[in-house]
Amino acid sequence: MNKTVAANISGIIFNIEELAYEKLGQYLNTIKGYFKNSEGGDEIMIDIEARIAELFQERVSDNKQVITLADVEEVIAIMGQPEEYLDEEATEQQDSSNRNKEAHSTTSSGESKQIFRDPDSNILGGVCSGVSQYFGFDPLWLRLLFVILFFFFGTGVLLYIILWIIIPEAKTTADKLKMRGEPVNVDNIRKNVKERFEDATDIDTKQATDKAKNAIEQIFDYFKKFITAFFQVFGKLIGVAFIAAGAFAIFILINLFMGNDAIIAVTDHGLQLFSYSEYASLIFASSEQETMALIGIITAVGIPIVSLFLAGIKLLLDIKTNLRMVGIALFVLWIGGLVLCGTVGIQLGKEFTNDAEVTEVLAIEQPVGDTLMLDIMDDVHFSNHFRNHHEYFIELTKIERKETHFGFPFLDIREQPSDSVFTIEVRRMSHGRTQKEAINRAENIRYDWNQSDSLLTFSPFFSIDNDEKFRGQHIEIIVRVPEGKAVHLSDRMDRIIYDIGNVTRTRDRRMTGKTWTMTDKGLECIDCDL
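What comes next concerns the included structure. (Residues numbered from 1 in each chain as written. Predicted model: local features only at pLDDT ≥ 70, side-chain atom pairs only at ≥ 80, totals over all residues. Heavy atoms only, no water.)

### Quick look at the sheet that holds strand 17 (residues 515–519)
Two modes of strand pairing occur in sheets, parallel and antiparallel, and in both the strands are linked by backbone hydrogen bonds. This is how the line gets drawn: Two strands qualify as a pair provided that DSSP identifies no fewer than 2 bridges between them. Here a strand is any run of E in DSSP of at least two residues, a helix any run of H or I of at least four, and the numbering for each starts at the N terminus. Axis geometry follows a simple rule: fit a line to the C-alpha atoms, using only the stretch in contact for helices, then measure angles between N-to-C directions, giving values from 0 to 180 degrees.
Ordered by their spatial adjacency, 6 strands build an open sheet running 12-13-7-16-17-18, and the pairing between neighbours is mixed. A single partner strand is all that each edge strand has here, and the edge strands are strand 12 (449–452) and strand 18 (522–525). Looking at each pair of strands side by side, their axes are set apart by 25° on average, direction ignored. When strand 7 (residues 371–376) meets strand 13 (residues 455–458), the two strands line up parallel, connected through 4 bridges. Across the sheet, the residue bridging to Asp375 is Thr457, located in strand 13.

Here it is in structure tokens:
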């Protein structure tokens, strides 16, 4: 059993065998003695200890927590014996042979290049310099590529920022050596630190870097002048557009506040206005919640619109006044509006916590033949022009004094799995704060259908009482067809049928006006043109 000691190496605590600790201490003291009078000696020792700590971390695991004498000897072999650096001048004279040794060391020790951002040769974030060192080409070409992407494709800045975020910076000497693919040993650490001290006093290098940075600054300065000239030419037109858009939006918000028609929807009949108050009373749980939502919406939407309007006036009249305090006040009000909207949104979200489905299986009078005719009733609430089933909530919602009608029921046709008769399933679905509320709302959905001999007609809408509030109420009708029997879809059925499966994968709008027989593979058309 070997005695161990705790050692702090570069800020990391390691458990080291006592003999290993003594050998490592002698090694570090010897190196420290060689570099104590050298320029940057303290920095050399910091980098050496950091590299040793990194190598030790690679040698510990859950199954091995103690650094052994063998580990220390292996690390010393990687870092190099101190005697190799006793005569610094002799070492410098043998650079070419040392480079060959380094190349051999890279191969034997398994060192390979790693990608970092280069902070020493950077113009902005060091991305181009770091990437070019990794792949071995001049960073100028990569910088030109980013400039081209910026001006001609608009992606250069975004790509550069992404690389800046994901590529780490080469902060330590070890990182910089890894970036160049050089072995991280004492000799290379010493050379790297010495080069940095020489570069710090190299005026020519600094001037070259300043010139490069000035070139980049000139590019951005030209771009800024271009943008300024663009706004000088087109600023007036942009200002007029801002004012027009802002005025129109302010008019809508005023109507919204006054309780007039203020919801704009793009419908099959073009732009239409709908009453906010009617829809608000159907959705919000209380008048207080409705008021909070109104204030929140007007503030959250209105503040940016007012800002747009003011910006248009400033552009049009070339006003230079700084409205900083006004901007701060508007920003605070806007945040308040967002908070109100978020509060109401959370409250409404709780109303949709639970969902329920109530299914009713209805027996129907069996047709004389084997074909059941399907059609829809006349639409007394919505226009008959609606075709190819869709779910436009505003267009297909009609709010009356006591009840609301929704014009988007679903009808599907599926196989009868366990019987030889036609049946109908009516599935009513809803949400609620509790499971009981969701079930009650689902049960209270009203839907009509009737039968006359072989003809089934279905309502193109379903209804709820306004007191129920809208909580995602929905209805689905499933016509179950036994194998060997058929259904005929009238030309108007595309109003309510939705995604009916069939053997030929025919779309809903092409299934109408045809007769479909249920087979063991699914619905097949018996009167379609082949």
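Now, onward.
### Let's talk about a negative patch on the surface
Let me state the cut-off plainly: Exposure above 30% relative accessible area and the absence of a salt bridge qualify a residue for a patch, where like charges join within 9 Å and nonpolar side chains (Val, Leu, Ile, Met, Phe, Trp, Tyr) within 5 Å. Only the protein chains shown count as cover for residues, and all accessible areas are computed by the Shrake-Rupley method using a 1.4 Å probe. Salt bridges are defined as contacts in which a side-chain nitrogen from Lys or Arg sits within 4 Å of a carboxyl oxygen from Asp or Glu. The charge count includes Lys and Arg as positive and Asp and Glu as negative, but it does not include His or the ends of the chains. A charge is said to be at NZ when it belongs to Lys, at CZ for Arg, at CG for Asp and at CD for Glu.
On the surface, a cluster of negative charge is contributed by Glu415, Glu483, Asp520 and Glu524. Looking at the element boundaries, Glu415 is found in strand 10 (residues 410–415).

### A few points about the state of the cysteines
What counts is decided by this rule: Disulfides are defined as pairs of cysteine sulfur atoms found within 2.5 Å of each other. Note on classification: 1.4 Å probe, protein chains only; a residue is buried when its accessible area is under 20% of the maximum for its type, exposed when over 50%, partly exposed between these limits.
Inspection of every chain in the model, using the stated rule, returns 1 disulfide. The disulfide bridge from Cys525 ends at Cys528, spanning 1.8 Å between sulfur atoms. Torsion about the S-S bond of the Cys525 and Cys528 cystine: about 95°, corresponding to right-handed handedness. Residue class for Cys525 comes out partly exposed when judged on its relative accessible area of 23%.

### Observations regarding the pairing of strand 9 (residues 403–406)
As paired elements, strand 8 (residues 397–399) and strand 9 share 3 bridges and run antiparallel to each other. Note that in strand 9 the partner of Lys398 across the bridge is His405. Here strand 8 hands over to strand 9 after 3 residues, the two strands then running antiparallel side by side.

Purely geometric numbers; function is a separate question.
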